[in-house]
Amino acid sequence: MDASEEPLPPVIYTMENKPIVTCAGDQNLFTSVYPTLSQQLPREPMEWRRSYGRAPKMIHLESNFVQFKEELLPKEGNKALLTFPFLHIYWTECCDTEVYKATVKDDLTKWQNVLKAHSSVDWLIVIVENDAKKKNKTNILPRTSIVDKIRNDFCNKQSDRCVVLSDPLKDSSRTQESWNAFLTKLRTLLLMSFTKNLGKFEDDMRTLREKRTEPGWSFCEYFMVQEELAFVFEMLQQFEDALVQYDELDALFSQYVVNFGAGDGANWLTFFCQPVKSWNGLILRKPIDMEKRESIQRREATLLDLRSYLFSRQCTLLLFLQRPWEVAQRALELLHNCVQELKLLELKSLGYLCGLVSEKGPNSEDLNRTVDLLAGLGAERPETANTAQSPYKKLKEALSSVEAFEKHYLDLSHATIEMYTSIGRIRSAKFVGKDLAEFYMRKKAPQKAEIYLQGALKNYLAEGWALPITHTRKQLAECQKHLGQIENYLQTSSLLASDHHLTEEERKHFCQEILDFASQPSDSPGHKIVLPMHSFAQLRDLHFDPSNAVVHVGGVLCVEITMYSQMPVPVHVEQIVVNVHFSIEKNSYRKTAEWLTKHKTSNGIINFPPETAPFPVSQNSLPALELYEMFERSPSDNSLNTTGIICRNVHMLLRRQESSSSLEMPSGVALEEGAHVLRCSHVTLEPGANQITFRTQAKEPGTYTLRQLCASVGSVWFVLPHIYPIVQYDVYSQEPQLHVEPLADSLLAGIPQRVKFTVTTGHYTIKNGDSLQLSNAEAMLILCQAESRAVVYSNTRAPALGGESDMLGMAEPHRKHKDKQRTGRCMVTTDHKVSIDCPWSIYSTVIALTFSVPFRTTHSLLSSGTRKYVQVCVQNLSELDFQLSDSYLVDTGDSTDLQLVPLNTQSQQPIYSKQSVFFVWELKWTEEPPPSLHCRFSVGFSPASEEQLSISLKPYTYEFKVENFFTLYNVKAEIFPPSGMEYCRTGSLCSLEVLITRLSDLLEVDKDEALTESDEHFSTKLMYEVVDNSSNWAVCGKSCGVISMPVAARATHRVHMEVMPLFAGYLPLPDVRLFKYLPHHSAHSSQLDADSWIENDSLSVDKHGDDQPDSSSLKSRGSVHSACSSEHKGLPMPRLQALPAGQVFNSSSGTQVLVIPSQDDHVLEVSVT
């Protein structure tokens, strides 16, 4: 087909631009399928995978189908993507061989030759099949033949570039399937073409950007290239990617401008440095401002044109992305950038340039400038020409007169403040208010400017902007001076005089303003102007002398403070005063000098935190907490009832805070008037640190709190209303007191120990030769050394007289054994009183000293047949180690036939802390032993760590009594295996034989109610019991019984019973216990048979016969000895009395019997003992 020679229409850049697809071949055929094709193509999204690892996106493809012309193919070097045809389609419905050979094949050949000549490889041949035409022609080849011919002739290696569309105008499933296949192929080829051509375009664009350092590189040319890429993304509805392109261009241009300002300028920037002749407003309703774009392309645009065009394109894309808030945000950035880059003029600046803000009005030069500015605005746009309140008309009217400018400026400013306040942008509202204040100051209306300056300053202080604070304070000082606000002006001047952001000359000026006012004679004598001190001087630290801040009545106290003057010049201060609050607390008379010393700081230096200005209002306006301890004691015994913390300035903390108050308003600091002050007169404060010393003589006892610090310069008083941390000193007046305390943790009886006497002298003055006279009990010795002297300390350490003395306390020498048992593992204590006579009192002071006995002693009786042994255990409960020596055990009953033979051979033996030492003696006698033995144990002791003492120490003694210690009965048990067996077996009955033998004739201890007399001999009733607490044996039958035992030497009783071993191994024998069987003495009860009592297994055990611990365990299986059973309640019951351990000797104790397991046991249980 022939290409038309008609000229191409100009490209119109609109949001309706779509990728171009050319159509060649049968144009009528394409026109018939175009409606369906244009509707179906964008319906299904396609995944677009891009290069450089960028995330894939789903896009809907649309195309602008145009007739194929050779002029549409891109020329070499053409970088316009919007006019670039991404795909070329040839349409044909040829189904006749002759027609194909005659016309279609030649037309296809010409079409492909043109594409090859322009290196275009993105093409597609579409063959439309129509069943109606096939029926009318007889020489039609099968469809596959025409398709095959076209593929063979034109698609040798790209058979997929030829597709078939069957009956596209019909409504059938076959037609829909054909459409789907065709649309999928079309979308795929379009995406492939996009990816390839965009990739090549981006590479060329990067290459161009990398040449930006070469001479002759043009930003405008590069701008057009990258914007072309943004247009393509916008055409594909990828608005985010399009916005990125403009943001990159914005950043690149801004960087060049910054570099230009630093001296590194590019040649092409000179095009943007031409004078600005027009400053038309932005038009956001146009997607593309073609006038400004063409000016950029021709390199005729100013910087304002470039910025305006960039911003309009960014706003268009942001609105498409539904992010309108970013438009406002970027608008603010645009204004700042334009001001910095071009120093564009705002409305207020126009007022200054045109002379509309000055007092005298505009002059001739201002009027000429106004005419030039109005001419630069150009003609009003037609769309706003008929609007009465258009921005153009408002600006023109505002520049016409001073009154009109003031009206428009104030209306805009107040509207802006209201808008910012309503949306919560308080900071921005305060900034606009500060501009209003400057306007009012130029208009000589300081009363209107003050409120805006205070608001701006409050905002700066809350957020900590140092330089704006300084600048605003200077403006506020000028405003206050015009208004005659003397106190406010002096306060602001003091803040500026201490502000290091000002020059030295400016600081001296404001300081001199204060000094000049202070030197003026006052109209009203006595009138004081009170200002906060933090801007004048700061309190750094405070030092007491004496350092503990405690003095007695009549003493001298020095207080040295360090003040850091913030004034730039030396300032003569008439007086510096510290107001002191005096208080007498409840029970303060009980606070001694020692108590006060312990509750004060050791070095006497108090550091005050430096004030960091500016503070937020909430932190600076509230006073510091003044917290004090509170104690309530009982007047009778001085016991503590309640304690707590109270706040003394709660009335100041809880008062209502005014929300409208500002930091620069007078603080309302009040001078405290009181009788107690510290004063220092005629002081010159040099810039920096200054030392000021106050001296005072204590008069009344109590607590003095430093509350306020004031410095007076003429009638101006600088006041620190609250000194924090709380600073106090105490004045005491008290009688001398004596306190005695040991140097160790506790006093031990029996050894020398040091005791410290501390005398709190109070108001008493110690004289040479003063002494303390001590009177003590006989049991406590006081060992005074000749070289021992008292040491007197001054108030800096402790207002006390101290001395040391050795004391020897003795425990009670005869303590009962039961008292020792009750003490457990704690040491027994004993108190000794000391009477002390002091030179300042006619009365004696009685002090009780508590001594602890370091030892705990127990005894026990050991038996081996008829041989008896006494064992004494000495346990050291203290923390010291001792050396024991000369241990003795004597019988205090003076028995002549009893002998105690010691078995300990060492004369001295150490005993360590928390350890025990045992002593053993054997008892020997020639005649009948006494029924009881009274013994006294004594042992010498001394501390192991000390050297030889100069005095002899009394030994430690322990008395005890041993009763019924002679052996009366010998019990022997023996177990025999069943007959015919060599060993006992588990589960088999074995024979237990118990042999009870009397070892002596009738003794005094036998004469009790159980003893019966017959014609031949005396006898007594005993009860035996076989118990196996370890559950190794099962006793078969009766485990206990009552026997009548003759009271004669060698009398023997045998008892046989059967037992069964429960485990295999070496098993210990069951225990055999003996009890005295005592009859019940009741005249109104009939006697029961003894055997029936045994049968009923209800026997009463009398446990009160002895206190030995071995007699307490009497329970065993099969017998209960604690109480009568309920079925015999009310019947006379016999009583059982356990025999003392010393009267019964078990010769079978420790014996074991070998038990072997049964042969049929599958599970073997072995008892290991």
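The structure contained in this document is the topic of the report that follows.

The rules behind the values
Residues numbered from 1 in each chain as written. Predicted model: local features only at pLDDT ≥ 70, side-chain atom pairs only at ≥ 80, totals over all residues. Heavy atoms only, no water. Salt bridge = Lys/Arg side-chain N within 4 Å of Asp/Glu carboxyl O. Helix = DSSP H or I, 4+ residues; strand = E, 2+ residues; numbered from the N terminus. Pairing = 2+ DSSP bridges. Axes fitted to C-alpha atoms, helices over the stretch in contact; angles between N-to-C directions. Parallel < 35°, antiparallel > 145°, perpendicular 65-115°, else oblique. Left-handed = near helix turned anticlockwise from the far one by under 90°. Contact = heavy atoms within 4.5 Å. Nonpolar A, V, L, I, M, F, W, Y, C, P; charged D, E, K, R; others polar. Phe/Tyr/Trp six-rings, centres within 6.5 Å; stacked < 30°, edge-to-face > 60°. Buried < 20%, exposed > 50% of the residue type's maximum accessible area, 1.4 Å probe, protein only. Core = buried A, V, L, I, M, F, W, Y, C linked by side-chain atoms within 4.5 Å.

## Quick word on the pattern of salt bridges
Inference 1: Enumeration over the complete set of coordinates arrives at 31 salt bridges.
Inference 2: We note a salt bridge from Lys407 to Asp411, for which the minimum N-O separation is 3.4 Å. On the criterion of helical spacing, the pair formed by Lys407 and Asp411 is a turn pair, its members being four residues apart in helix α15 (residues 402-422).
Inference 3: A salt bridge links Glu626 to Arg707, with the shortest nitrogen-to-oxygen separation between them at 3.5 Å. Remark: Arg707 occurs in strand β18 (residues 702-713) and Glu626 occurs in the loop between α22 (617-620) and β14 (627-633); sequence separation between them is 81 residues.
Inference 4: When salt bridges that share partners are traced, they join Glu240, Asp247, Arg323, Glu326 and Arg330 into one network.

## Quick notes on the sheet that holds strand β46 (residues 1065-1068)
Inference 1: The sheet built from three strands is open, its strands ordered β39-β51-β46 with mixed pairing. Looking along the sheet, the strands with just one partner apiece sit at the ends: β39 (984-985) and β46.
Inference 2: With four bridges connecting them, β46 and strand β51 (residues 1152-1156) associate as antiparallel partners. Bridge pairing in β51 links Gly1065 to Val1155.

## Some words on the packing of helix α5 (residues 173-210) against helix α6 (residues 219-235)
Inference 1: The geometry of α5 relative to α6 is characterised by a closest axis approach of 10 Å and an angle of 155 degrees between their N-to-C directions. The orientation of α5 relative to α6 falls into the category roughly antiparallel. Of the two possible hands of crossing, α5 and α6 adopt the one that is left-handed. Packed against α5, whose contacting residues are Leu198, Phe201, Glu202, Met205, Leu208 and Arg209, the element α6 presents Tyr222, Val225, Gln226, Glu228, Leu229, Val232 and Phe233 at the interface.
Inference 2: Among the residues forming the contact of α5 with α6, the class breakdown is nine nonpolar, one polar and three charged.

## Observations regarding the environment of Asn488
Inference 1: Its location among the elements puts Asn488 in helix α19 (residues 486-497).
Inference 2: Separated by 12 residues in sequence, Asn488 and Leu476 place their C-alpha atoms 9.4 Å apart.

## Digging into the packing of aromatic side chains
Inference 1: Evaluation of the coordinates by the stated rule reveals 32 aromatic pairs.
Inference 2: Relative to Trp91, the ring of Phe30 lies with its centre 5.5 Å away and its plane at 50 degrees, an arrangement referred to as tilted. Placement of the pair is Phe30 in helix α1 (residues 27-40) and Trp91 in strand β5 (residues 85-92), with a sequence separation of 61 residues. Summarising the burial analysis for this pair, Phe30 and Trp91 share the class buried.

## Focus on unusual backbone geometry
Inference 1: In this structure, Pro546 follows Asp545 across a cis peptide bond, with omega equal to 10 degrees.
Inference 2: Tracing the backbone shows Pro546 in the loop between β9 (537-545) and β10 (550-552).
Inference 3: Here His682, not a glycine, exhibits a phi torsion of approximately 55 degrees, which is positive.
Inference 4: Mapping His682 onto the fold places it in strand β16 (residues 677-685).

## Description of the sheet that holds strand β13 (residues 605-607)
Inference 1: Ordered in space as β13-β9-β11-β17, the four strands form an open sheet in which the pairing is antiparallel. A single partner strand is all that each edge strand has here, and the edge strands are β13 and β17 (688-697). Adjacent strand axes in the sheet meet at a mean angle of 20 degrees, parallel and antiparallel pairs treated alike.
Inference 2: Where strand β11 (residues 556-565) meets β17, 10 bridges bridge the pair, whose relative direction is antiparallel. Paired with Glu560 across the bridge in β17 is Thr693.

## Here's the deal with the nonpolar core
Inference 1: Core analysis: the biggest nonpolar cluster contains 76 residues, and Trp91 and Phe182 have the highest contact counts within it.
Inference 2: Beyond its immediate sequence surroundings of up to four residues, Trp91 is in contact with Cys23, Ala24, Gly25, Asp26, Leu29, Phe30, Val33, Leu37, Val126, Val128, Leu165 and Phe182.
Inference 3: Within the second largest apolar cluster, 53 residues are counted, among which are Met567, Val573, Val580 and Tyr729.

## Re the packing of α1 against α5
Inference 1: Relative to each other, α1 and α5 sit at 65 degrees, their axes nearing to 11 Å. Two packed elements cross with a definite hand, and for α1 against α5 that hand is right-handed. Contacts from Val33, Thr36, Leu37 and Gln40 in α1 reach Trp179, Phe182, Leu183, Leu186 and Arg187 in α5.
Inference 2: Its residues placed into classes, the contact of α1 with α5 shows six nonpolar, two polar and one charged.

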